[in-house]
Amino acid sequence: MLERGEVANSWRRERWDSLRLLTPNWQSRLPGLRYEGPDPDGYMTMGEVTEFIERFAKVSEAPVRTGANVTSVRRTGDGYHVTAACGEIRCRAVVIASGACNQPSVPQFKDGLPESVEQLTPFGYRDPAQLPDGGVLVVGASATGV
Ligand SMILES: Cc1cc2nc3c(=O)[nH]c(=O)nc-3n(C[C@H](O)[C@H](O)[C@H](O)COP(=O)(O)OP(=O)(O)OC[C@H]3O[C@@H](n4cnc5c(N)ncnc54)[C@H](O)[C@@H]3O)c2cc1C
């Protein structure tokens, strides 16, 4: 398993501090690991999600290589040639699990807004102290908007 950042990277680096899972604790189940704490109807903080996934990496003994950004995958005669920050790898099969939500999608009308309107995406947002005084408009819905 090649991970460009650290284990649980998206929860560590691409979420804001006050976010909690939208799904209750009892729903957090991975093969061989499930939530067994005292609050099955609670909602994990980002720190707790990170710990949960870190624990899964240990329990599953997955051979994770961190800091291994993949920059190219090429087909060869009998498999693939993968170029990553950790080196060149040959393999028979590749599973691309690079995530569905890891590039912000910003509507073009952003260019029409005055410069006085500070704009940021959930990737750059961490806490309210980052925002200038005044009203806030959230554009979009789904997990990042609501
Ligand atoms: C704001 C928000 C809230 C959410 N809340 C919930 C929730 O409450 N409950 C729930 O079940 N789901 C929730 N989700 C959805 C959940 O985050 C995803 O379903 C889940 O993370 C998908 O896991 P994944 O491993 O497929 O992708 P990711 O978690 O995105 O992992 C992909 C990994 O691939 C790595 N990667 C990407 N490109 C490369 C590369 N070139 N080389 C090496 N590594 C690379 C990334 O660093 C990342 O660690 C939420 C999503 C968002 C955005």
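Here we summarise the structure given alongside this text. (Residues numbered from 1 in each chain as written. Predicted model: local features only at pLDDT ≥ 70, side-chain atom pairs only at ≥ 80, totals over all residues. Heavy atoms only, no water.)

**Looking at a negative patch on the surface**
Here's step 1: A cluster of acidic residues, D39, D41, E48 and E51, forms a negative patch at the surface.
Here's step 2: Take D39: it is sitting in the loop between strand 2 (33-34) and helix 2 (46-59). (Patch = residues over 30% accessible without salt bridge, like charges linked within 9 Å, V, L, I, M, F, W, Y side chains within 5 Å. Areas by Shrake-Rupley, 256 points an atom, 1.4 Å probe, with all protein chains shown as cover. Salt bridge = Lys/Arg side-chain N within 4 Å of Asp/Glu carboxyl O. Lys, Arg positive; Asp, Glu negative; His and termini not counted. Charge placed at Lys NZ, Arg CZ, Asp CG, Glu CD. Helix = DSSP H or I, 4+ residues; strand = E, 2+ residues; numbered from the N terminus.)

**With respect to a nonpolar patch on the surface**
Here's step 1: A cluster of nonpolar side chains, namely L2, V70, V73, V94 and I96, defines an oily patch on the protein surface of about 370 Å² accessible area.
Here's step 2: Relative to the helices and strands, L2 is located in the segment before helix 1 (9-13).
Here's step 3: Taking the relative accessible area as the measure of exposure, L2 reaches 32% and is therefore partly exposed. (Buried < 20%, exposed > 50% of the residue type's maximum accessible area, 1.4 Å probe, protein only.)

**What to know about the side chain of H81**
Here's step 1: Relative to the elements of secondary structure, H81 occurs in strand 4 (residues 79-84).
Here's step 2: Take H81: its relative accessible area is 12%, and that puts it in the buried class.
Here's step 3: Looking at H81, its side chain comes within polar contact range of the side chain of E88, at 2.6 Å.
Here's step 4: Setting aside residues no more than four positions away along its own chain, H81 makes contact with S72, V73, R74, T76, E88, I89 and R90. (Polar contact = N/O pair within 3.5 Å; in protein donor to acceptor, adjacent residues only side chain to side chain. Contact = heavy atoms within 4.5 Å.)

**Here we look at the site of the ligand**
Here's step 1: The environment of the ligand is formed by 21 residues, the closest being E3, S10, L22, T23 and V70.
Here's step 2: Note that an oxygen atom of the ligand is positioned 2.9 Å from one of the side-chain N or O atoms of R15.
Here's step 3: Residue L22 places a main-chain N or O atom 2.4 Å away from an oxygen atom belonging to the ligand.
Here's step 4: In the complex, the protein chains occlude 70% of the 1,000 Å² of accessible area that the ligand would expose alone.
Here's step 5: Secondary-structure elements contributing two or more residues to the shell around the ligand are helix 1 and helix 3 (142-145).
Here's step 6: If you tally residues by element for the shell around the ligand, the top one is helix 1, at 3 residues.
Here's step 7: Residues that form the shell around the ligand fall into these classes: 10 nonpolar, 8 polar and 3 charged. (Near = heavy atom within 4 Å. Nonpolar A, V, L, I, M, F, W, Y, C, P; charged D, E, K, R; others polar.)

**A look at the pairing of strand 5 (residues 87-91)**
Here's step 1: With 5 bridges joining them, strand 4 and strand 5 adopt antiparallel strand pairing. When the bridges of strand 5 are listed, Y80 appears paired with C91. (Pairing = 2+ DSSP bridges.)

**Comments concerning the sheet that holds strand 3 (residues 70-76)**
Here's step 1: Read across the open sheet, the 3 strands follow the order 3-4-5; overall the sheet is antiparallel. Edge positions in the sheet fall to strand 3 and strand 5, since each has one partner strand and no second. Direction aside, neighbouring strands of the sheet carry axes that sit 20° apart on average. (Axes fitted to C-alpha atoms, helices over the stretch in contact; angles between N-to-C directions.)

**Looking at unusual backbone geometry**
Here's step 1: The phi dihedral of A8 falls on the positive side, at around 65°, and the residue is not glycine.
Here's step 2: One can find A8 in the segment before helix 1.
Here's step 3: Despite not being glycine, E61 has its phi angle at roughly 50°, a positive value.
Here's step 4: Positionally, E61 belongs in the loop between helix 2 and strand 3.

**Description of the nonpolar core**
Here's step 1: Core analysis: the largest hydrophobic core is formed by 9 residues, namely W16, L19, L21, L33, M44, M46, V49, F52 and Y125.
Here's step 2: Take this core: its biggest share by element is 3 residues, from helix 2. (Core = buried A, V, L, I, M, F, W, Y, C linked by side-chain atoms within 4.5 Å.)

**With respect to the packing of aromatic side chains**
Here's step 1: Tallied over the entire structure, the rule returns 1 aromatic pair.
Here's step 2: Measuring from centroid to centroid gives 6.3 Å for W16 and Y125, while their planes differ by 55°, and the two rings are tilted. Pair noted here: W16 is in the loop between helix 1 and strand 1 (29-30) and Y125 is in the loop between strand 5 and helix 3, with a separation of 109 residues, a long-range link.
Here's step 3: Looking at Y125, the relative accessible area reads 19%, which means it is buried.
Here's step 4: Above the face of the W11 ring, R15 is positioned so that its terminal group lies 4.3 Å from the ring centre. (Phe/Tyr/Trp six-rings, centres within 6.5 Å; stacked < 30°, edge-to-face > 60°. Lys NZ or Arg CZ within 6 Å of the ring centre and 35° of its normal.)

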